Amino acid sequence: MRREKDVKINSRDMEKEGLSAFLENEKEANYYAAKCLSVCAVVGVTSWILNLLGIFIIPGQIMNIGMPLTVLFFLLPTLLCRLTGGRYAWVKDAIIMCAIIGVFIFSCAMPKHSILAWTLPIMISCHYYSKNLSRFALIASCILLSGSVYIGMFVGEGDLNLVMDAYQITSSKLIIAKNITPKILYQATLFFVFPRMLILIGLSSICTTVAERTKRLLERQVEDSRERQRISAELNVATNIQADMLPCIFPAFPERPEFDIYASMTPAKEVGGDFYDFFMVDERHLAVVIADVSGKGVPAALFMVIGKTLIKDHTRPGVGLGEVFSEVNNLLCESNREGLFITAFEGVLDIMTGEFNFVNAGHEMPFIARAGKPYEPYKLSPDFVLAGMENIEYHGGSLKLACGDKIFQYTDGVTEATNAAHELYGMQRLSDVLTQNTDKSPSELLPVVKADIDAFVDDAPQFDDITMLCVEYLKAD
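Residues numbered from 1 in each chain as written. Predicted model: local features only at pLDDT ≥ 70, side-chain atom pairs only at ≥ 80, totals over all residues. Heavy atoms only, no water.

> Help me understand the packing of helix 2 (residues 60-84) against helix 3 (residues 90-109) in this model?
Any two packed helices are characterised by the angle at which their axes cross and by the distance between the axes. Look at helix 2 against helix 3: their axes get within 8 Å of each other, and the N-to-C directions meet at 170°. When the axis of helix 2 is compared with that of helix 3, the two are roughly antiparallel. For the pair helix 2 and helix 3, contact is made by Ile62, Gly66, Met67, Leu69, Thr70, Phe73, Phe74, Leu76, Pro77, Leu80, Cys81 and Thr84 and by Trp90, Val91, Ala94, Ile95, Cys98, Ala99, Ile101, Gly102, Val103, Ile105, Phe106 and Ala109, respectively. Here the residues of the contact of helix 2 with helix 3 are counted per class, giving 20 nonpolar, four polar and no charged. (Axes fitted to C-alpha atoms, helices over the stretch in contact; angles between N-to-C directions. Helix = DSSP H or I, 4+ residues; strand = E, 2+ residues; numbered from the N terminus. Parallel < 35°, antiparallel > 145°, perpendicular 65-115°, else oblique. Contact = heavy atoms within 4.5 Å. Nonpolar A, V, L, I, M, F, W, Y, C, P; charged D, E, K, R; others polar.)

Okay, structure coming up:
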């Protein structure tokens, strides 16, 4: 119930994070829009300076009045973002209005240069992925574009192609005449306002389409992020469940002085395919299991649960380990649509006599340290893997342990641990670290081996689960 509650809480948190992603995007959009307008302000100032130097030929009085006001409105969003931090919803509306007013002033002063400038508010609105905001920017721009054409005929630079008859040319200077007639206004509407509005609508459709597509991609990204977080939350629960399935309380059998045992498993992903187990078959027999499921992640972890359960259920007093693995193998083959397999090693220690019976299904060879001697690999011929083929006959083996003897078993994630140079940790390094720490107890040995692996791998990613188990036979009754 607690894990289910944690998942529900995480779901609510993910919804909040999805909303905050859009709010964070709006905040960033405010800053980006303000930055774009600041660049436009720099362009305006540059044009103004070039005009003062005589490089441009726009009338100085018009430029000296219109350009400072345009630059002012282009710079206001930057000031606004610094004062508010760009956090409030109304900031984007204020930025769009500053862009529209700035372009409107510029368009009134220089209408024949303004058609491209009127795309600025629409493009700025695309930062917010909002159809309504883009529509507002388009409508407001079309209305003020029309107004600027008419106003520019009276107070601005004007367009010679449009109002040639309304001007007198004297000494290379334009002087506004009094004969702007309804016919000229009609021509301005028909040949300038409508075409420019159509151009603006066409450009707007492109911008809004791009913005809408970007918004959908952002929504999909947010949804994918929610899904990944949900899966991550569930995998965290699965990690805890898997960890709870493996014996993890040490000392494992404090009431049994005949042996000492310790094991650890470090998954490469949230859940792993490796597993270990140890349990008392009866009052005098200790079973130890270590196994590695092919593959990684959830499929391997689910198959690991099946394999672990079957091995433990079929390990019974008086039943040979070869027969146990034969039974387990056939059952695993029946429910193995994914084509997974398991390498496994199981041993049963008679704590009264020290006899250690074992079976190996394609697993790594163990290391054995006789009392007072270093660890050495115990060479044996493994049988076929579990779940690989039906009706395989497995054969058990046996060896005798004396007081103080230790058995170390592991999965291939130990020897195949890889560093940044793509070098394997290997059997030799494992043998060396075991030899150097022969005198250590199982609970002391495994952390030392893991630390040596970590030092070798360094910052390279872990590609496989790392599982180790060590049992020491202490004495017989």
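Resuming the write-up.
> Just checking my understanding: could you explain the environment of Asn437 for this structure?
By the element assignment, Asn437 lies in the loop between helix 11 (426-436) and helix 12 (442-457). Overall, the relative accessible area of 8% leaves Asn437 in the buried class. Sequence separation of Asn437 and Val449 is 12 residues, and the distance between their C-alpha atoms is 8.9 Å. In contact with Asn437, not counting residues within four places along its chain, are Leu445 and Val448. For Asn437, the side chain forms a polar contact with the main-chain oxygen of Val433, separated by 2.7 Å. In this structure the side chain of Asn437 is engaged in a polar contact, spanning 3.0 Å, whose partner is the side chain of Lys440. (Buried < 20%, exposed > 50% of the residue type's maximum accessible area, 1.4 Å probe, protein only. Polar contact = N/O pair within 3.5 Å; in protein donor to acceptor, adjacent residues only side chain to side chain.)

> I would appreciate a short explanation of the packing of aromatic side chains in the present structure.
On inspection of all chains with the given rule, the structure shows 13 aromatic pairs. Between Tyr88 and Trp90, the aromatic rings sit 6.1 Å apart at their centres with planes inclined by 10°, giving stacked as the arrangement. Judged by relative accessible area, which is 40%, Tyr88 ranks as partly exposed. Taking the centre distance of 4.4 Å and the plane angle of 45° together, the rings of Phe250 and Tyr262 count as tilted. Here Phe250, found in the loop between helix 7 (182-245) and strand 3 (259-266), pairs with Tyr262, found in strand 3; they are 12 residues apart in sequence, far enough to count as distant. Linked through ring pairs, Phe250, Phe253, Phe259, Tyr262, Tyr276 and Phe278 together constitute an aromatic cluster. (Phe/Tyr/Trp six-rings, centres within 6.5 Å; stacked < 30°, edge-to-face > 60°.)

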